[in-house]
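If you want the building blocks of each chain, they are given just below.
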Amino acid sequence: MTRAERVLDRIRATPPGFVRAYGDVSPGAPRFAGSVLAACEDPTVPWHRIVRADGSLARGARQRALLEGEGVPFRGERVDMRIARIPA
């Protein structure tokens with residue numbers, strides 16, 4: 001299994017209503033997770049469940065709408081990571 005496949009497996013394992021940070025799905029290399037997601041065209045990958053470590057969103061309003069639809073809690077503009085984050 002390639003490094004990118006491991007990242008995608010971790011993303012797919014993130015359940016609805018929860019999030020992980022880029023560094024959670026690619027320990028030590030959060031930008032690698034971002035590049036894997038940017039290159040991924042598989043519509044079954046729940047890309048919207050991956051956020052920055054501070055809870056901010058990389059993909060803006062569309063990402064927020066998808067997360068809110070799953071019941072992910074927000075504090076202002078950011079995901080409430082204390083509640084919604086799944087440990088790495």
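Heads up: the structure comes first, above all this text.
Residues numbered from 1 in each chain as written. Predicted model: local features only at pLDDT ≥ 70, side-chain atom pairs only at ≥ 80, totals over all residues. Heavy atoms only, no water.

Caption draft 1: Region of interest: helix α1 (residues 3-12). The complete set of buried residues in α1 reads Val7, Leu8 and Ile11. With its buried residues spanning 95° around the axis, α1 presents them on a single face. Check the buried side of α1 and you find it contacts α2 (22-25), α3 (30-39) and β2 (50-51). (Buried < 20%, exposed > 50% of the residue type's maximum accessible area, 1.4 Å probe, protein only. Helix = DSSP H or I, 4+ residues; strand = E, 2+ residues; numbered from the N terminus. Arc of directions from axis to C-beta. Contact = heavy atoms within 4.5 Å.)

Caption draft 2: Main features of the layout of surface pockets. Of the volumes computed, that of the largest pocket is approximately 220 Å³. As for the largest pocket, its lining consists of 14 residues, and the residues nearest its centre are Leu37, Ala38, Cys40, Trp47 and Arg59. Split into classes, the residues belonging to the lining of the largest pocket amount to nine nonpolar, one polar and four charged. (1 Å grid on protein atoms, 1.4 Å probe; cavity = no way out; pocket = protein on both sides within 12 Å on 5 of 7 lines; lining within 4 Å. Points joined across faces, edges and corners; volume = space filled by probe spheres on them. Nonpolar A, V, L, I, M, F, W, Y, C, P; charged D, E, K, R; others polar.)

So yeah, pure geometry; function would need other evidence.
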